[in-house]
Amino acid sequence: MIDAPGHKDFIPNMISGAAQADTAVLVVDGSSGAFEKGFEGGGQTREHAVLVRSLGVRQVVVAVNKLDAVRFSLSTFFALKFGTEGECEVIQVDWSRKRFEAIRETLLPFLTTQTGFDKNKVSFVPVGAMSGENLVERNNEILKSWYEGKTLIETLGTFQSSISIYSQELIG
């Protein structure tokens with residue numbers, strides 16, 4: 001396991017880590033607006049996907065993080081910050097299947113058609129890293145109601161190492 005940070009200041013570290021990897025975990029921010037910022041206009045998500053594929057990584061897991069994020073409306077922010085009375089509107093992403101699928105539908109064609117990953121070697125997993133949800137086990141009832149796939153760790157366990165990939169290519 002190699003940690004290759006995503007921040008632009010750490011691109012050299014990301015490159016050296018990816019050059020040694022069999023599988024990449026591309027962590028994308030699933031909160032509203034954050035994914036779009038990272039993917040559109042040459043954002044880090046797009047750049048990192050291209051880099052890991054060009055460095056020979058053949059398998060990728062897209063961990064859609066922060067699907068458990070809670071957003072507050074402006075009136076709620078002021079009510080919480082200043083203790084004002086009034087209605088507090090809490091807008092939750094709350095494990096939105098629609099948001100997860102929208103990110104998947106945007107990224108999958110890019111990863112397979114433009115970047116060159118085999119569709120069978122690309123997986124998408126919803127996660128809540130802050131709470132640990134769906135990393136090793138799934139406990140959230142809302143997530144359980146629509147996501148029946150593997151956890152992040154289970155998904156990583158399904159991928160092959162470069163040794164087994166190479167030997168399969170030699171055998172035919």
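Residues numbered from 1 in each chain as written. Predicted model: local features only at pLDDT ≥ 70, side-chain atom pairs only at ≥ 80, totals over all residues. Heavy atoms only, no water.

Trainee: Would you explain the overall build of the protein chain in this entry?
Mentor: The helix and strand tally for the protein chain stands at eight helices and five strands. What you see in the protein chain, going N to C, is helices and strands ordered as α-β-α-α-β-β-α-β-α-β-α-α-α. Taking all 172 residues of the protein chain together, 35% fall into the buried category. For the protein chain, contacts bridging at least 24 residues in sequence account for 67% of all contacts bridging at least 6. Of the roughly 10300 Å² that the protein chain leaves accessible, carbon and sulfur atoms contribute 53%. (Helix = DSSP H or I, 4+ residues; strand = E, 2+ residues; numbered from the N terminus. Buried < 20%, exposed > 50% of the residue type's maximum accessible area, 1.4 Å probe, protein only. Contact = heavy atoms within 4.5 Å. Areas by Shrake-Rupley, 256 points an atom, 1.4 Å probe, with all protein chains shown as cover.)

Trainee: Even after reading the chapter, I still don't get helix H1 (residues 11–18), so can you show me in this structure?
Mentor: Each α-helix turn comprises 3.6 residues. Residues three or four places apart therefore point the same way. Those residues of H1 lying buried are Ile11, Met14, Gly17 and Ala18. Taken down its axis, H1 places every buried residue within 125° of arc, on the same side. Those residues of H1 that are buried are in contact with helix H3 (44–54). (Arc of directions from axis to C-beta.)

Trainee: Can you walk me through unusual backbone geometry in this structure?
Mentor: Peptide bonds are trans in most cases, and residues, glycine excluded, mostly fall at negative phi. Although it is not a glycine, Lys66 adopts a positive phi angle of roughly 65°. We classify Lys66 as partly exposed; its relative accessible area is 38%. For Asn134, which is not a glycine, the phi torsion comes out positive at approximately 65°. Inspection of the secondary structure puts Asn134 in the loop between strand S5 (122–126) and helix H6 (141–146).

Trainee: Please clarify how the pattern of salt bridges should be interpreted in this entry.
Mentor: Any two side chains of opposite charge can pair if their charged atoms end up close together. Counted by the stated rule, this structure contains three salt bridges. Residue Asp29 pairs with Lys66 through a salt bridge whose shortest N-O separation is 3.3 Å. Here Lys66 lies in the loop between strand S2 (59–65) and strand S3 (70–72) and Asp29 lies in strand S1 (residues 23–29), a separation of 37 residues in the sequence. The salt bridge partner of Lys144 is Glu141, with a shortest N-O separation of 3.6 Å. (Salt bridge = Lys/Arg side-chain N within 4 Å of Asp/Glu carboxyl O.)

Trainee: Any chance you could explain the packing of aromatic side chains here in plain terms?
Mentor: Both the distance between ring centres and the angle between the ring planes are used here to describe each pair of aromatic rings. This structure, assessed with the given rule, holds five aromatic pairs. Measuring from ring centre to ring centre gives 5.5 Å for Phe100 and Trp146, while their planes differ by 45°; the resulting arrangement is tilted. Linking Phe100 in helix H5 (residues 97–114) with Trp146 in helix H6, this pair joins segments that are 46 residues apart in sequence. A relative accessible area of 3% means that Phe100 is categorised as buried. We classify Trp146 as buried; its relative accessible area is 11%. Each ring, one from Trp146 and one from Tyr147, has its centre 6.1 Å from the other, and the planes form 70°; the classification is edge-to-face. When its relative accessible area of 10% is taken as the criterion, Tyr147 is described as buried. Cluster of aromatic residues (ring-pair linked, three or more members): Phe35, Phe39 and Phe110. (Phe/Tyr/Trp six-rings, centres within 6.5 Å; stacked < 30°, edge-to-face > 60°.)

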